[in-house]
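Tertiary structure, described
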Amino acid sequence: MVIAAEDANTIERFADAVWMERGLSANTLASYQSDLRHCARWLKMDAGGGLLQARRNQLLGYLAAGVDAGVRPRTSARRLSILRQFFQWALREQLLATDPTTRIEAPRLGRPLPKSLSETEVDALLDAPDIGTAEGLRDRAMLEVLYATGLRVSELVGLQPDQLSLSQGLVRVVGKGGKERLVPLGEEAVNWVGRFVSTARGELLGGQPCDALFPTRRGSGMTRQAFWYRIKKHALAAGIHQDLSPHTVRHAFATHLVNHGADLRVVQLLLGHSSLSTTQIYTHVARERLQALHAEHHPRG
């Protein structure tokens, strides 16, 4: 169902406003707009009105319909959070007189531990690409950089050659909100990127110009979805049967750092987390690992 023109225009204005205020990434803005359009379609079908005419009981009905359809609590919480931001912005813009989300409680969420990989599984994943091919050497270099730096997948596929200094072993990352951070690459990643750049990158491009560090044969940068597919393919070849994503390798990077004694604030800086509370989940990961090791090896475990 197509949403009303008024809702479409208002959602667009809201997206422009939050981009100006907070410098959100294109992916985050697209997610905001998608959730708001989803709500607008439901309101139009259920009540015949739009977002700016929504009342508290209608929004409760929208969230409840999602729960009935099997939506997870975290998704419900995200939808409510975006609706709150939208209606607070609409209040400031004097598009409505009251905020209908004021007395709506967010669902209580547990704090799930991130899925990760053991160090043995990471080694198997890194060894999986066929480095005898240009694509395989590119994928090996990408996986080495991903595990060495903990980049978000959007940061990885968006890398450009001038963001890396192989001589200094550093990568300059432009993260969420346009914030920059310097992350060490490590010797292995430097070695594999150097091999790829000096040989396979030119073969993939075939003389075509391209700004992306890790291009495809089409002469363009790899998409997030394409790299997701590639990493799943290599995981299968490595005998890793869990549902693997680039974010799993990012979690492995952080988990292994903490397990080997890295300071949590250093991990926060490397990951590009704006708040330490986001990084603190890895203390729980490390605690679970210690408990498992104790249970396995202590005579009274």
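Residues numbered from 1 in each chain as written. Predicted model: local features only at pLDDT ≥ 70, side-chain atom pairs only at ≥ 80, totals over all residues. Heavy atoms only, no water.

1. Looking at the overall build of the chain
- Summing up its helical and strand segments, the chain has 13 helices and three strands in all.
- A total of 301 residues make up the chain; the buried ones form 43% of that total.
- When the accessible surface of the chain is totalled, it reaches about 16300 Å², and 52% of it is carbon and sulfur. (Helix = DSSP H or I, 4+ residues; strand = E, 2+ residues; numbered from the N terminus. Buried < 20%, exposed > 50% of the residue type's maximum accessible area, 1.4 Å probe, protein only. Areas by Shrake-Rupley, 256 points an atom, 1.4 Å probe, with all protein chains shown as cover.)

2. Side note on the pairing of strand β3 (residues 180-184)
- Burial along β3 is one-sided: Arg181 and Val183 are buried, while Glu180, Leu182 and Pro184, pointing the other way, are not.
- Relative to β3, strand β2 (residues 170-174) runs antiparallel, the two being bridged by five bridges. Paired with Arg172 across the two strands is Leu182, which belongs to β3.
- The hairpin turn running from β2 into β3, its antiparallel successor, is five residues long, and Gly177 in that turn takes a positive phi close to 70°. (Pairing = 2+ DSSP bridges.)

3. Focus: the sheet that holds β2
- Taking strand neighbours across the sheet as the criterion, the three strands line up as β1-β2-β3 in an open arrangement whose pairing is antiparallel. The open sheet has two edge strands, β1 (164-165) and β3, and neither has a second partner.
- Note that β1 and β2 share two bridges and pair antiparallel. Note on β2: the bridge partner recorded for Leu164 is Val171.

4. Observations concerning unusual backbone geometry
- Positive phi values are uncommon outside glycine, yet Gln94 reaches one of about 60°.
- As for its position among the elements, Gln94 is in the loop between α4 (73-92) and α5 (119-127).

5. Re the pattern of salt bridges
- The tally for this structure, following the rule as stated, stands at 13 salt bridges.
- The salt bridge partner of Glu21 is Arg92, with a shortest N-O separation of 3.7 Å. Remark: Arg92 occurs in helix α4 and Glu21 occurs in helix α1 (residues 5-22); sequence separation between them is 71 residues.
- Of the residues examined, Glu21 reaches a relative accessible area of 53% and is grouped as exposed. (Salt bridge = Lys/Arg side-chain N within 4 Å of Asp/Glu carboxyl O.)

6. What to know about the environment of Gly206
- Among the secondary structure elements, Gly206 is positioned in the loop between α8 (187-205) and α9 (224-237).
- On the basis of relative accessibility, which here comes to 61%, the residue Gly206 falls in the exposed class.

7. Considerations on the packing of helix α6 (residues 134-149) against α8
- Direction vectors running N to C along α6 and α8 enclose 150°, while the axes themselves pass 9 Å from each other. Regarding the angle of α6 to α8, the classification is roughly antiparallel. As α6 packs across α8, the resulting crossing turns out to be left-handed. Packed against α6, whose contacting residues are Ala134, Glu135, Leu137, Arg138, Arg140, Ala141, Glu144, Val145 and Ala148, the element α8 presents Glu188, Ala189, Trp192, Val193, Arg195, Phe196, Thr199, Ala200, Glu203 and Leu204 at the interface.
- Taken together, the residues that form the contact of α6 with α8 break down as 11 nonpolar, one polar and seven charged. (Axes fitted to C-alpha atoms, helices over the stretch in contact; angles between N-to-C directions. Parallel < 35°, antiparallel > 145°, perpendicular 65-115°, else oblique. Left-handed = near helix turned anticlockwise from the far one by under 90°. Contact = heavy atoms within 4.5 Å. Nonpolar A, V, L, I, M, F, W, Y, C, P; charged D, E, K, R; others polar.)

8. Some remarks on the packing of aromatic side chains
- Per the stated rule, a full pass over the model turns up seven aromatic pairs.
- Where Phe14 meets Tyr32, the ring centres are 6.4 Å apart and the plane angle is 15°; that geometry is what we call stacked. Separated by 18 residues along the polypeptide, Phe14 in helix α1 and Tyr32 in helix α2 (residues 26-46) bring together distant segments of the chain. The two residues Phe14 and Tyr32 agree in class, both being buried.
- A centroid spacing of 5.1 Å and a plane angle of 75° characterise the contact between Phe86 and Phe87, whose relative ring orientation is edge-to-face. One exposure class covers both Phe86 and Phe87, and it is buried.
- Site record: aromatic cluster; members linked through ring pairs are Phe14, Tyr32, Phe86, Phe87 and Trp89. (Phe/Tyr/Trp six-rings, centres within 6.5 Å; stacked < 30°, edge-to-face > 60°.)

9. Digging into the nonpolar core
- Core analysis: the largest hydrophobic core is formed by 45 residues, its most contacted members being Leu125, Val145, Leu156, Leu159, Phe214 and Phe227.
- Within the second largest apolar cluster, 29 residues are counted, among which are Ala17, Cys39, Ile82 and Phe86. (Core = buried A, V, L, I, M, F, W, Y, C linked by side-chain atoms within 4.5 Å.)

10. Structural notes on the confidence of the model for the chain
- Looking at the chain, the pLDDT average stands at 85 and 87% of residues meet or exceed 70.
- When pLDDT is averaged over each helix and strand of the chain, the minimum, 55, is found for helix α13 (residues 281-297) and the maximum, 96, for α6. (pLDDT = per-residue confidence, 0-100.)

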